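Each chain, written out:
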Amino acid sequence: MTNYILKRLGQGLLTVFLTVSTVFILIRLAPGDPAVSYAGPLATTEQLAKVREQFGLDRPVLEQYWIFLQQLFTGNLGTSYSFQAPAMQVVAERMPYTLTLATASILLTAVVAIPLGVWMSRRPDTNRELGVNVLTIAGQSMPDFWTGIMLLTGFAVLIPLFPASGFATWGGLVLPTVTIAILQIALISRMVRREMTANFAAPFLTVARSRGVRNSVLTWRYAMGNSAIPVFTALGTRFAAMLNGVVVVEVVFAWPGVGSLIVRALETRDYPLIQATVLLTALLAVGVQLVIDLAYPLLDPRVRLGKAATA
Amino acid sequence: MSLDTAPPAEVPAGLPSGSPERKPSPSAVTKELIAKAGATRRRKAAQWKMRIGAVCTLIVIVPILLAQLLPLPDANHQDLSARRLAPLMDGHLFGTDQLGRDLLSRVLHGGQVSLTIGVLAVVVSGAIGIILGAAAGYFGGWVDTLVSRILEAQMSLPLLMMLLLVVALFGPSIPVITFVIAIAQWPEVARLTRSMVLVEREKPYVSAARILGLHRIQILIEHIIPNVIKQATLVVLLLLAQAVLLESALSFLGAGPQRPFATWGRIISDGQDYITTSWWMVTLPGLVIVLMVVGVNLLGDGLRDRPRRKKKGA
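Reading the values: the criteria
Residues numbered from 1 in each chain as written. Chains lettered and ligands numbered in written order. Predicted model: local features only at pLDDT ≥ 70, side-chain atom pairs only at ≥ 80, totals over all residues. Heavy atoms only, no water. Helix = DSSP H or I, 4+ residues; strand = E, 2+ residues; numbered from the N terminus. Buried < 20%, exposed > 50% of the residue type's maximum accessible area, 1.4 Å probe, protein only. Contact = heavy atoms within 4.5 Å. Lys, Arg positive; Asp, Glu negative; His and termini not counted. Charge placed at Lys NZ, Arg CZ, Asp CG, Glu CD. Phe/Tyr/Trp six-rings, centres within 6.5 Å; stacked < 30°, edge-to-face > 60°. Lys NZ or Arg CZ within 6 Å of the ring centre and 35° of its normal. Axes fitted to C-alpha atoms, helices over the stretch in contact; angles between N-to-C directions. Parallel < 35°, antiparallel > 145°, perpendicular 65-115°, else oblique. Salt bridge = Lys/Arg side-chain N within 4 Å of Asp/Glu carboxyl O.

Novice: Can you help me understand the overall build of chain A in this one?
Specialist: Scanning chain A for helices and strands turns up 13 helices and 0 strands. Oriented by its inertia axes, the alpha-carbon framework of chain A measures out at about 85 × 55 × 30 Å. By the burial criterion, 49% of the 311 residues in chain A qualify as buried. Of the contacts made within chain A by residues no fewer than 6 positions apart, 74% connect residues no fewer than 24 positions apart. Positive and negative charge centroids in chain A, built from 23 and 15 side chains respectively, lie 17 Å apart.

So, in structure tokens, the structure goes:
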């Protein structure tokens, strides 16, 4: 068990390291000069050179990488060009907002999608099921920025129920959460339906039914119990992906999270800020993945971590 | 009818079954029961989905393909005296935008760009995915390890953030955006192809081909890939829907093809500022995207649910 956790932690940290290094190389390969966006278009050549020297951008790339590695291990990724504050601190301040939004969305998704998927799997090939099925297809076909603007116009402008942007009150959480959840509910409920349908057709369920097990127990203990791992994995993976910033929704609702931060950092070529965002979000995502894997034995006692770890 | 109208024993089997009341058929299963059966309804639902899907897709795609031939104002023709006209006014079916440009024309011409990117991206990701997935599944060993590791690594990467990064850094040209979407999508094809090839590899015809002395690459290309390509292309159809959505999201964030290309995401993001006064500038282009993506998804779903026809021979 401990060995397994250590091994997975090692792999996770390696992934994070490779991700951050890839980003480091990518941003330096690309055209564009942070000094220009920092000093403005009217800056003289000397001013630009001075800015570059200040940021350490005049040094050879390998030396910059060496400095970056040192920073990585001390946890200080330098000063953000545009915020004039430690980059890690800027990202850490935004993180709770993204966490709140992601948690609210995944909770709403789980609460709606699991019963909906079960409902669909219990009446296959009926007209009602077909109707809901088509609705889920529509749900996964709507661009999230468009859904967001529509909800914003409907429930913040025309009928002013919720604030339009930002996170001043808890009401501000409703519209972004619903926007994210519409897509996730569509995806997860279809997945639950697929898993449950497969389990309903399995021999162990026929045996249980012939023994006279009640329908609700059949559904929730027998079928759902055996769908728990894939469903939990899907929810967890989605959650981890959201931690990387629900970029589009954050931009639409002017949500002060990491998603809108990275858009701004990319526009201004704020190297330290880009690197800090990628590092922190990748760490969190890897952490969530590890927690998901560690939860498997709780969901299914047959799972033994370490042996089935590579499967 | 009801199940207790069991056929009398004296009726010889094999008679053409007429109406169940007069000439009892040898089977208790009536046409009505068959029509109500789950399998029939599933087939009907699949057909229904495919038809509706095809109609939705065609409603969007045909005008886009014919955009140059339709009697529409030029997509970039500005008319400041006809700014933000509501739909159906002055012959503008979708109304006009803040610069007096015809919205329908912009949506159709923008659709050409969006669709081109989507189709190209899907072709590229499909090709990469099928080749790498098939190689990983067939050769196993270090090839499989390498491909699987790349797949895993990409899954743990922040996808949209990386796409934005690449586009922001390398410039939002059509090739870059196509490439970026293809890179985002190939893992799905690769994983599916790999799992199907793993199954095919163990079938007798592969052993037969090997005994006949065919080269491994020849077996893979001439015998295995043709057997999995049909199912792999089904996924590709669903990827097209995703590619269009992804492209519009990138455009919305300002990382789409630059002007003069008016892609769907950009039209919506331009109209966002006028949403309170001119609802159509955001709503209608969005509905066009939804209609097409729903159509493609329904089509793909119906094709997948459709009961497989029995193969003749082979």
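Let us keep going from here.
Novice: What am I meant to see in the packing of aromatic side chains here?
Specialist: Remark: the centre distance and the inter-plane angle together describe each pair of aromatic rings, the angle taken between the planes. Residue and element names in this part refer to chain A. Applying the stated criterion across every chain, the model contains 7 aromatic pairs over all chains. Here F24 and F68 contribute two aromatic rings whose centre-to-centre distance is 5.0 Å and whose plane-to-plane angle is 25°, an arrangement assigned as stacked. One end of the pair, F24, is in helix 1 (residues 2-29); the other, F68, is in helix 4 (residues 61-74), and 44 residues separate them in sequence. Like F68, F24 is buried. Here the basic side chain of R28 rests over the ring of F24, its NZ or CZ set 3.9 Å away from the ring centre.

Novice: For this particular structure, what's the right way to read unusual backbone geometry?
Specialist: A negative phi angle characterises most non-glycine residues, just as the trans form characterises most peptide bonds. Residues and elements named next belong to chain A. Its identity as a non-glycine residue notwithstanding, Q84 has a phi of 55°, on the positive side. Looking at where Q84 falls in the secondary structure, it is placed in the loop between helix 4 and helix 5 (87-122). When its relative accessible area of 47% is taken as the criterion, Q84 is described as partly exposed. The backbone of R269 sits at a positive phi, close to 55°, despite the residue not being glycine.

Novice: Help me understand the packing of helix 3 (residues 103-139) of chain B against helix 9 (residues 264-271) of chain B, please; the structure alone is not making it clear to me.
Specialist: In a packed pair of helices, the relevant descriptors are the angle between the two axes and the axis-to-axis distance. All names here are of chain B. At a closest axis distance of 8 Å, the pairing of helix 3 and helix 9 adopts a crossing angle of 140°. It follows that helix 3 is oblique to helix 9 by the angle criterion. Here L103, R106, V107, G110, G111 and S114 of helix 3 lie close against helix 9, whose contacting residues are W264, I267 and D270.

Novice: Even after reading the chapter, I still don't get the pattern of salt bridges, so can you show me in this structure?
Specialist: When their charged atoms lie close together, side chains carrying opposite charge are able to pair. Scanning the model with the defined rule gives 8 salt bridges over all chains in all. For E129 of chain A, the salt bridge goes to R193 of chain A, with nearest N and O atoms at 2.6 Å. Remark: R193 of chain A occurs in helix 8 (residues 174-200) and E129 of chain A occurs in helix 6 (residues 127-139); sequence separation between them is 64 residues. E129 of chain A gets classed as buried once you look at its relative accessible area, which sits at 4%. Looking at R193 of chain A, the relative accessible area reads 23%, which means it is partly exposed. When salt bridges with common partners are traced through the structure, they connect R190 of chain A together with K49 and D301 of chain B into a single cluster.

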